[in-house]
Amino acid sequence: MCAPYSISAIANKFIALYARDAELTPIKLQKLLYLTYGHWLIENGGERGPLTEESPVFWSQGPLFSSIRKVLGEDKTDPIAAPIRPDPLSPPPFIKDDAGLDRLVRTIWDRYGELSAEDLVVLTTAENSAWYRAAEAADFQVEPRPRSLTPGSERASASPKDKRLLLLSPGL
């Protein structure tokens, strides 16, 4: 593996492999990217450097990558149909010929791909998860369970306090 990669390029790997056959929404993609990031850290213990150029941030719905959120938005629930383009004037970033990354992405998909976006939010924000422990250690008032991700419910029910980004170093 020739990491670090842009998180958009890793996202585009998931999109290229799975978006046609599965419902890959922005929230689901964010959680799969976070799980990929975490598995990389566990497998490599930091010895091979970071997987991505960007670290996740902690939000009321759990961990996410700011650059992906900026491109895809925070409230969109429609499945992703096209590669992510961080710069609309440039082609989307892709990673080719990296068997290790391909294996990691396939492992994450095989393990978590059948879960819904809401299930992945619950998984990544569960009590004792890395996200929960880091947020708790920073003395943020974090709800143990996230709000529903059904279309429209987040905007209607989340307070401005809940929507703030909790910018913490990932404590994985």
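Residues numbered from 1 in each chain as written. Predicted model: local features only at pLDDT ≥ 70, side-chain atom pairs only at ≥ 80, totals over all residues. Heavy atoms only, no water.

> Would you take a moment to explain the side chain of Asp 98 for this structure?
Take Asp 98: it is sitting in the loop between helix H3 (66-72) and helix H4 (99-112). A distance of 3.0 Å separates a polar side-chain atom of Asp 98 from the backbone nitrogen of Leu 101. (Helix = DSSP H or I, 4+ residues; strand = E, 2+ residues; numbered from the N terminus. Polar contact = N/O pair within 3.5 Å; in protein donor to acceptor, adjacent residues only side chain to side chain.)

> Explanation requested: the pattern of salt bridges in the structure shown.
In a structure, side chains of opposite charge can pair up when their charged atoms sit close to one another. This structure, assessed with the given rule, holds one salt bridge. Between Lys 13 and Asp 102 there is a salt bridge, with the nearest N and O atoms lying 2.6 Å from each other. Of this pair, Lys 13 sits in helix H1 (residues 7-18) while Asp 102 is found in helix H4, placing the two residues 89 residues apart along the sequence. (Salt bridge = Lys/Arg side-chain N within 4 Å of Asp/Glu carboxyl O.)

> Got a minute to help me understand the packing of aromatic side chains in this structure?
How two aromatic rings sit relative to each other is set out by the distance from centre to centre and by the angle between their planes. Here the structure, examined in full by the defined rule, presents four aromatic pairs. Between Tyr 18 and Trp 109 the ring centres are 4.2 Å apart and the planes differ by 5 degrees, which places this aromatic pair in the stacked class. Remark: Trp 109 occurs in helix H4 and Tyr 18 occurs in helix H1; sequence separation between them is 91 residues. Summarising the burial analysis for this pair, Tyr 18 and Trp 109 share the class buried. In this structure an aromatic cluster arises from ring pairing among Phe 14, Tyr 18 and Trp 109. (Phe/Tyr/Trp six-rings, centres within 6.5 Å; stacked < 30°, edge-to-face > 60°. Buried < 20%, exposed > 50% of the residue type's maximum accessible area, 1.4 Å probe, protein only.)

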